[in-house]
Amino acid sequence: MDEVLADVRLSTAATRMNTIRPASFVDVDSFMTPAEIRDDPIRIRLRALGLGAHACTAIPMPSGEMAMFVFQRGQDDGSYRDEHFTILDRLRPDLARASLAAARLGLEHARGAVDALAMMGLPAAVLAANGRVKITNALFDREHTLFVPTAFGRVALANPESNRLFQLALQATSGTHVPRSIPLQNAAAAAMVVHVLPLKRDAHDLFSGGDLLIVATAISASALVPSPTILTGLFDLTPAEVGLATALAKGLNLAAAAAEAGLQFSTVRTYLSRIFRKTGTNQQSQLVALLKSTHPFQGLRP
């Protein structure tokens, strides 16, 4: 799935349609040169599956996002004709209503997730890949000494040096975002760490297609170990996966975690692969940093 998404981001057809944003269904190929059609990564992949002509429309959402619908025909079926576009355009209002309902449902789902973080004492926000703030919780909104709004619906850290690191983390392309932990010193508040966490796979869907989760936690000298309840609620881990994640957060290596649980090493490696998928990480160091960021922060002012 990640390879397909990467192809879509590199696709000339997707970029062209995102620029044009057609208000009715159109033949995508009519907006591309033969060479572009031949070399487009997503078209190469789809041709291998026997798919040819594309029809596309774009529907703007109140949130500022754009829903795009693309229909493909088999290579042996030829191009779309005028009567096909007439039928598709009749369906467009229904597609628009369905998109609006899905967008609202997704936003409510994501809002519930960041509100759950607020209940644990964690100020949090969901950002798009370009840094635009999509959703915040009440604690994030009240932390004016830590976060400040900027132009185009974006956000910055109040401390200049911390903000420099923060903006560098945000400027990474969506395919190269990695977890970052940025210390934040502020005379008006307790010392904090701001975590910039990429949202991938299941987490990307959980937070309504957001690309980054921003979470602030207190700096503590103690080793923070997340509770099983938090792990299960945030990342949908099974009890066995929670046990492994907790062991890793305590500092155990994979072999020691397997021995502690009385499991085969190959079994815990399978569990670790599942945890990577659910948390959007791919290294144990990234996973441990993410898990420790879920510890409830009690030092925020109510």
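Everything here concerns the structure above.
Residues numbered from 1 in each chain as written. Predicted model: local features only at pLDDT ≥ 70, side-chain atom pairs only at ≥ 80, totals over all residues. Heavy atoms only, no water.

Colleague: What should I look at first to understand helix α11 (residues 254–261) in this one?
Modeller: Turning to α11, its buried residues number three or more, namely L254, A257 and A258. In an axial view of α11, the angular spread of the buried residues amounts to 100 degrees, which keeps them on one side of the axis. Away from its buried face by more than 90 degrees, α11 exposes A259 and E260. The opening residue of α11, the one whose side-chain oxygen lies 3.2 Å from the backbone nitrogen of A255, is N253. At the exit of α11 stands G262, carrying a positive phi of roughly 70 degrees. (Buried < 20%, exposed > 50% of the residue type's maximum accessible area, 1.4 Å probe, protein only. Helix = DSSP H or I, 4+ residues; strand = E, 2+ residues; numbered from the N terminus. Arc of directions from axis to C-beta. Polar contact = N/O pair within 3.5 Å; in protein donor to acceptor, adjacent residues only side chain to side chain.)

Colleague: I keep staring at unusual backbone geometry and nothing clicks. Help me out?
Modeller: When glycine is set aside, most residues are seen to have a negative phi, and most peptide bonds are trans. Here R21, not a glycine, exhibits a phi torsion of approximately 50 degrees, which is positive. Among the secondary structure elements, R21 is positioned in the loop between α2 (12–20) and β1 (26–27). At F152, a position not held by glycine, the phi torsion is positive, near 65 degrees. With respect to the helices and strands, the residue F152 is situated in the loop between β6 (147–150) and β7 (154–157).

Colleague: Would you explain the packing of helix α10 (residues 239–249) against helix α12 (residues 265–279) in this entry?
Modeller: When two helices pack together, their arrangement is captured by the angle between the axes and the distance separating the axes. Across the interface, α10 lies against α12 with an axial gap of 9 Å and an inter-helix angle of 90 degrees. Put simply, α10 runs roughly perpendicular to α12. When α10 is examined against α12, the residues A240, E241, L244, A245 and L248 are found in contact with a partner set consisting of V268, Y271, L272, R274, I275 and K278. A class-by-class count of the residues in the contact of α10 with α12 yields eight nonpolar, no polar and three charged. (Axes fitted to C-alpha atoms, helices over the stretch in contact; angles between N-to-C directions. Parallel < 35°, antiparallel > 145°, perpendicular 65-115°, else oblique. Contact = heavy atoms within 4.5 Å. Nonpolar A, V, L, I, M, F, W, Y, C, P; charged D, E, K, R; others polar.)

Colleague: It is not clear to me how the sheet that holds strand β3 (residues 66–74) should be interpreted in this structure. Could you clarify?
Modeller: Note: strands within a sheet are paired through backbone hydrogen bonds, in either parallel or antiparallel orientation. As summarised here, the arrangement of the three strands in space is β1-β2-β3, forming an open sheet in which the pairing is antiparallel. On the outer flanks of this sheet lie β1 and β3, each paired with one strand and no other. The pairing of β1 with strand β2 (residues 51–60) spans two bridges and is antiparallel. Residue D27 lies in a different strand from β2, and its bridge partner there is A55. In this fold helix α4 (residues 41–48) packs onto β2 and β3, with an angle of close to 130 degrees to the strand it touches most, β2. (Pairing = 2+ DSSP bridges.)

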